[in-house]
Amino acid sequence: MKNRSRTWWMVAGLVLALGLAGVACRQAGEPAGQAKSGKHQQYHCPMHPTYVSDKPGDCPICGMRLVPIPSAASPAAAGAATPPAPGDRKIAYYRSPMDPSIRSDRPAKDSMGMDFIPVYENEVAGASSAVVGRAAVTLSPERRQLLGLQSQEVRQERIEKVIRTVGRVASDERRLHHIHTKYEGYVEHLYVDFTGAFIKRGDRLLSIYSPELVATQQEYLLAYRARARLAESGIPSVAKGGSDLLEATRQRLLLWDIRPQDIARLEQSGEVTRSLDLYSDVSGYVVQKSAFHGMRVMPADTLFDIVDLSRLWVLADVYESDLPAVQVGMPADVSVPYLPGKTWRGPVTYIAPIVDEKTRTIKVRIEVDNQDGALKPDMYADVFLRSNLGIGLLVPESAVIDAGDRKLVFLDRPEGRLEPREVQLGVKLAGGYQVITGLAAGDRVVTSANFLLDSESSLKAALSAMASPAPSGSPAPSPAGHQH
């Protein structure tokens, strides 16, 4: 019996010694930070850092996996900027993670056993915004880097809107001339016998025989000889009558476009010319020829169409949206694909009052010089209309969020605060948009990841709108009817 009792005490002592050794081993294996502080590892949501939990899991707001919060003594936190601990900020109230309208002024749990989320005073102040449906968002440097968020300063500069469009080269309608005769006759000979010929002013076009013209020449010769005889008369009225008759016949020939030198030759030769030549009074190209040898000519017939191509029109198509920036007198540059590097510049001289119902464009006319003849009618051309809008603000195109009925940007404020702002924009430019109202020179606007930022801002504004106006003195009843 005595040996059995001694054995029991020996076993008990061995068990106690092993237990004390295990406790010592566990204490020796604890990290120094935890052994000293006695704090447990905490976790938070990377998208919603305000949600903190003492155990791993998923974020009840967005469903993302919770990540551990690095402690101040851990290597991961060394040299990195850590967000302020919840104790460094004043808690405004607590809210349910599933229903933001349920609030409490002290920690509580909902019917599912989930901890209420603390809402801090700076978050309540940051949620206010002048834009309906949007809330200001505060991001830590880590989250900004994760989202790739960038910002750019709004600058003030000279704004020039360049409208690029296409056009068609056309002849100047005011430089088109129709060649007619003012008497009946027959074409005796053609000096210009093909379309496209270049004619200088004073060149012969054709010779024409006209019985009426021959009779008038005879009358002129008779009046010319009669004036010479009547001039010797001692009666002044008789001498004056001979001169008046000659002058009346001369005026008839001039009105028929008979040149003064042809009349002088008629006086010198004293003989009637069967056919007289028709001369061009303009320089240009023959674009239409209706005269043929031997044809009968009437005053209503168009014998030639001659156009001067030293100055041309360029008819450009401008969309309705660009029309406010187009004005008469603004400069325009014209180029053609087959002559790279060569540019013609001219002013806008006319804007059509009618919109083409098929293309929804307006014709704009530009006048350009074409002394070298490089431009040809019906060529296609690239047109650049330049509108000087003066000095103004320019915001990058990537910074603008089109919300349908309004345009929004996010201002990059100090301390990581991103504030939504509604803006009114002017014309679209190569580097962005002209700013009418909403921004000032020097403001920094977000230029990348702004759509993700807009989603976060909308969600935050919606959650704030769902919440009650003020926290209650005690936790609101849970959906199951329990109060914590």
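Residues numbered from 1 in each chain as written. Predicted model: local features only at pLDDT ≥ 70, side-chain atom pairs only at ≥ 80, totals over all residues. Heavy atoms only, no water.

**Description of the overall build of the protein**
Consideration 1: When you go through the protein residue by residue, the secondary structure sums to eight helices and 27 strands.
Consideration 2: Counting all 484 residues of the protein, 36% fall into the buried class.
Consideration 3: Residue pairs at least 24 apart in sequence account for 70% of intrachain contacts in the protein once pairs closer than 6 positions are excluded.
Consideration 4: Accessible area for the protein stands at about 28,300 Å²; split by element, carbon and sulfur atoms hold 55% of it. (Helix = DSSP H or I, 4+ residues; strand = E, 2+ residues; numbered from the N terminus. Buried < 20%, exposed > 50% of the residue type's maximum accessible area, 1.4 Å probe, protein only. Contact = heavy atoms within 4.5 Å. Areas by Shrake-Rupley, 256 points an atom, 1.4 Å probe, with all protein chains shown as cover.)

**Section: the side chain of Ser448**
Consideration 1: Relative to the elements of secondary structure, Ser448 occurs in strand β27 (residues 444-448).
Consideration 2: Separated by 2.9 Å, the side chain of Ser448 and the backbone nitrogen of Gln150 make a polar contact.
Consideration 3: Apart from the residues lying within four places of it in its own chain, the contact partners of Ser448 are Gly148, Leu149 and Gln150. (Polar contact = N/O pair within 3.5 Å; in protein donor to acceptor, adjacent residues only side chain to side chain.)

**Focus on the packing of aromatic side chains**
Consideration 1: Considering all chains together, one arrives at two aromatic pairs under this definition.
Consideration 2: For Lys289, the ring lying beneath its charged end belongs to Phe292, and the centroid distance is 4.2 Å. (Phe/Tyr/Trp six-rings, centres within 6.5 Å; stacked < 30°, edge-to-face > 60°. Lys NZ or Arg CZ within 6 Å of the ring centre and 35° of its normal.)

**Let's talk about the packing of helix α5 (residues 211-230) against helix α7 (residues 260-269)**
Consideration 1: The geometry of α5 relative to α7 is characterised by a closest axis approach of 10 Å and an angle of 60° between their N-to-C directions. Taken together, α5 and α7 sit at an angle that is classed as oblique. Relative to α7, the crossing made by α5 is right-handed. Across from Gln217, Tyr220, Leu221 and Tyr224 in α5, the residues of α7 making contact are Ile263, Leu266 and Glu267.
Consideration 2: Here the contact of α5 with α7 is built from residues that sort into five nonpolar, one polar and one charged. (Axes fitted to C-alpha atoms, helices over the stretch in contact; angles between N-to-C directions. Parallel < 35°, antiparallel > 145°, perpendicular 65-115°, else oblique. Left-handed = near helix turned anticlockwise from the far one by under 90°. Nonpolar A, V, L, I, M, F, W, Y, C, P; charged D, E, K, R; others polar.)

**Re the layout of surface pockets**
Consideration 1: When its volume is computed, the second largest pocket comes out at roughly 380 Å³.
Consideration 2: Of all the elements in the fold, those that place two or more residues in the lining of the second largest pocket are β2 (52-53), β4 (91-95) and β6 (117-120).
Consideration 3: A per-element tally of the lining of the second largest pocket places β6 first, with three residues.
Consideration 4: Residues that form the lining of the second largest pocket fall into these classes: 13 nonpolar, four polar and five charged. (1 Å grid on protein atoms, 1.4 Å probe; cavity = no way out; pocket = protein on both sides within 12 Å on 5 of 7 lines; lining within 4 Å. Points joined across faces, edges and corners; volume = space filled by probe spheres on them.)

**A closer look at the sheet that holds strand β15 (residues 284-289)**
Consideration 1: The four strands lie next to each other as β10-β17-β15-β12, forming an open sheet whose pairing is antiparallel. Only two strands of the sheet have a single neighbouring strand rather than two, namely β10 (176-179) and β12 (198-199).
Consideration 2: Both β15 and strand β17 (residues 304-307) contribute to a ladder of four bridges, which runs antiparallel. From the neighbouring strand, Val286 faces β17, where its bridge partner is Ile306. (Pairing = 2+ DSSP bridges.)

**Re the pairing of strand β20 (residues 344-351)**
Consideration 1: The sheet contact formed by strand β19 (residues 331-335) and β20 spans four bridges and is antiparallel. Its bridge partner being in β20, Ala332 is matched across the sheet by Gly346.
Consideration 2: The pairing of β20 with strand β21 (residues 361-369) spans three bridges and is classified as antiparallel. Following the sheet pairing, Ile351 is matched in β21 by Val364.

**Focus: helix α8 (residues 450-466)**
Consideration 1: For α8, with 17 residues, the first-to-last C-alpha span of 24 Å sits near the 24 Å given by 1.5 Å per residue.
Consideration 2: Every buried residue belonging to α8 is among Asn450, Leu453, Asp454, Glu456, Ser457 and Ala461, and all of these are buried. For α8, the angular spread of the buried residues around the axis is 165°, confining them to a single face. Exposed and oriented more than 90 degrees from the buried face of α8 are Phe451 and Leu452. (Expected span 1.5 Å × (residues − 1). Arc of directions from axis to C-beta.)

**Focus: the confidence of the model for the protein**
If pLDDT is low for a region, its predicted coordinates should not be looked at in detail.
Consideration 1: On average, residues of the protein score 80 in pLDDT, and 79% of them reach the 70 mark or higher.
Consideration 2: Below pLDDT 50 for its whole length, residues 72-87 participates in nine contacts with residues either more than four positions away or in separate chains.
Consideration 3: Note on residues 470-484: pLDDT is under 50 here. Beyond four places in sequence and across chains, it has 30 contacts. (pLDDT = per-residue confidence, 0-100.)

**Regarding the environment of Tyr43**
Consideration 1: Relative to the helices and strands, Tyr43 is located in strand β1 (residues 43-44).
Consideration 2: According to the relative accessible area criterion, Tyr43 is buried, its value standing at 17%.
Consideration 3: Between the C-alpha atom of Tyr43 and that of Asp54, which follows or precedes it by 11 residues, the distance is 6.0 Å.
Consideration 4: Not counting chain neighbours up to four residues away, the residues in contact with Tyr43 comprise Tyr51, Val52, Ser53, Asp54, Lys55, Pro56, Leu66, Val67, Pro68 and Ile69.

**Details of the side chain of Arg144**
Consideration 1: One can find Arg144 in helix α4 (residues 141-147).
Consideration 2: Residue classification places Arg144 among the buried residues on the basis of a relative accessible area of 19%.
Consideration 3: Of note is the side chain of Arg144, whose polar atom sits 2.9 Å from the side chain of Asp412.
Consideration 4: Each residue touching Arg144, except ones within four places of it in the same chain, is listed here: Leu139, Leu149, Asp412, Gly416 and Leu418.

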